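# Structural description and commentary
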Amino acid sequence: MNFRALLAAATLLPAGAAFAAVGDPCVADTFRNTCNADGSIQFCDSQTAPAAPVEAAITCANAFGPGGADASCATAGCVGACEDFGVSCVSALGERCIGFSVFLNGDEADNELVGAVLCEGNMTCAVAVEGQAVVDRCVDRVGPACTTEGLAGCTGAVLNICLADVDNTFGLTSNIALDCALLGSTCGDQPCACDEQCGEGGTCTNGTCEGGVTCVAADEDLPACPTGEGEGEGEGEGEGEGDGNNNRDDQAEPPPSAGCALNALGAMPAFGSLAALLLALRRRRR
């Protein structure tokens with residue numbers, strides 16, 4: 001399976017999140033999330049009380065931890081058919097957000113949070129190193145404007161990725177970015193000698209991993225090819241494969257922090273090569 005990540009709209013809230021219940025009955029399927037004056041999100045809580053959903057409120061910090069501590073409820077920038085896109089957690093310039101940094105904390109359970117808290121307008125949620133900590137901050141735009149295709153690209157050594165829905169009908173104007181130089185690498189296509197070097201379910205075609213640009217891993221960081229296998233030209237798709245933009249074809253239940261089933265990134269880098277670099281960085285930081 002190629003590397004993918006879920007937006008907040010496809011990520012359930014962490015267990016044990018602190019809800020400030022209003023208590024009025026609601027219908028989860030038709031309830032429209034709204035923003036409260038204190039920056040929290042008003043939603044229909046069908047997770048803690050599935051038999052009798054009631055209105056509740058949650059802050060971005062309670063929903064997403066430190067990465068959401070600066071964020072407030074707002075409508076994120078959107079392009080395309082955005083009528084059904086609801087409110088979410090959004091951060092301002094210089095504030096914390098949630099982008100690629102969740103891959104660097106050693107907790108795989110956090111990986112699905114990538115893109116859960118984006119930035120205002122068309123700003124970029126970029127990885128930053130602050131002292132001994134790796135965090136995401138909202139910075140001025142990196143990379144071209146996002147479209148409904150949700151594609152990935154390189155701006156010099158910086159990998160930048162736009163977020164789009166599975167049908168490519170709308171996308172978010174804020175993107176996420178990772179400077180591959182932080183990993184001792186550069187942004188580009190990943191060379192390969194076999195499918196195994198392109199991640200689970202990945203495909204190596206004519207010496208390059210399919211699936212778009214990535215932070216390029218050195219040969220020594222890639223898995224070894226099976227004995228006797230040369231340059232790969234695999235054809236099949238892995239479980240959960242999507243279309244040519246690597247959009248997911250499966251969906252998760254939307255959480256309270258968003259109002260639509262936005263659940264995938266567009267073209268994404270191969271998981272295997274990026275994972276090798278991230279694991280190498282984790283080892284250096286320990």
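## Thoughts on the pairing of strand β2 (residues 41-45)
- Where burial is concerned, most of β2 is hidden: five out of the five residues are buried.
- Looking at chain direction, strand β1 (residues 34-35) and β2 are connected through two bridges and run antiparallel. Paired with Thr34 across the bridge in β2 is Gln42.
- What sits between β1 and β2 in their antiparallel hairpin is a turn of five residues, with Gly39 showing a positive phi close to 90°.

## With respect to the pattern of salt bridges
- What the rule picks out here adds up to two salt bridges.
- Residues Asp70 and Arg137 are paired through a salt bridge, measuring 3.8 Å at the closest nitrogen-oxygen approach. Of the two residues, Asp70 sits in the loop between α1 (60-64) and β4 (72-74) while Arg137 sits in strand β9 (residues 133-139), which places them 67 residues apart along the sequence.
- Judged by relative accessible area, Asp70 falls into the partly exposed class, the value being 30%.
- A salt bridge links Arg137 to Glu130, with the nearest nitrogen and oxygen atoms 2.8 Å apart.
- Classification of Arg137 by relative accessible area gives partly exposed; the value is 22%.
- Through salt bridges with shared partners, a single network forms among Asp70, Glu130 and Arg137.

## Side note on the environment of Cys215
- Within the secondary structure, Cys215 is located in strand β18 (residues 214-215).
- Assessed through its relative accessible area of 0%, Cys215 is described here as buried.
- Between the alpha carbons of Cys215 and Gly188 there is a distance of 6.4 Å; along the sequence they are 27 residues apart.

## Overview of the sheet that holds β4
- What the three strands build is an open sheet, ordered β4-β6-β7; its pairing is mixed. The open sheet terminates on both sides in strands that have one partner only, identified here as β4 and β7 (118-119).
- Pairing of strand β6 (residues 88-91) with β7 involves two bridges; the strand directions are parallel. Following the sheet pairing, Ser91 is matched in β7 by Cys119.

## Regarding the state of the cysteines
- Following the criterion strictly, the structure yields twelve disulfides and no others.
- Residue pairing for Cys146: its cysteine sulfur links by disulfide to Cys162, the two sulfurs lying 2.1 Å apart. Judged by the sign of its S-S torsion, about -85°, the cystine formed by Cys146 and Cys162 is left-handed. Taken together, the residues Cys146 in the loop between β9 and β10 (152-155) and Cys162 in the loop between β11 (158-161) and β12 (163-164) connect sequence positions 16 residues apart.
- Note on Cys146: relative accessible area 8%, which makes it buried.
- Owing to a relative accessible area of 7%, Cys162 belongs among the buried residues under this scheme.
- Paired by a disulfide, Cys192 and Cys204 hold their sulfur atoms 2.0 Å apart. Taking the torsion about the sulfur-sulfur bond, which here is approximately 95°, the covalent link between Cys192 and Cys204 counts as right-handed.

## Some remarks on the sheet that holds β10
- Taken in spatial order, the five strands make up an open sheet running β9-β8-β14-β11-β10, and their pairing is mixed. Here the strands that pair on one side only, and so sit at the sheet edges, are β9 and β10. Adjacent strand axes in the sheet meet at a mean angle of 30° when their direction is disregarded.
- With three bridges joining them, strand β8 (residues 124-130) and strand β14 (residues 175-179) adopt parallel strand pairing.

## A look at unusual backbone geometry
- One non-glycine residue, Asn168, lies in positive phi territory at about 55°.
- Turning to its location among the elements, Asn168 is positioned in the loop between β12 and β13 (170-172).
- Phi is positive for Asn206, which is not a glycine, with a value near 55°.
- The topology assignment puts Asn206 in the loop between β16 (204-205) and β17 (208-209).
- The exposed category is assigned to Asn206, whose relative accessible area is 56%.

Cut-off values and rules
Residues numbered from 1 in each chain as written. Predicted model: local features only at pLDDT ≥ 70, side-chain atom pairs only at ≥ 80, totals over all residues. Heavy atoms only, no water. Buried < 20%, exposed > 50% of the residue type's maximum accessible area, 1.4 Å probe, protein only. Helix = DSSP H or I, 4+ residues; strand = E, 2+ residues; numbered from the N terminus. Pairing = 2+ DSSP bridges. Salt bridge = Lys/Arg side-chain N within 4 Å of Asp/Glu carboxyl O. Disulfide = S-S within 2.5 Å. Axes fitted to C-alpha atoms, helices over the stretch in contact; angles between N-to-C directions.

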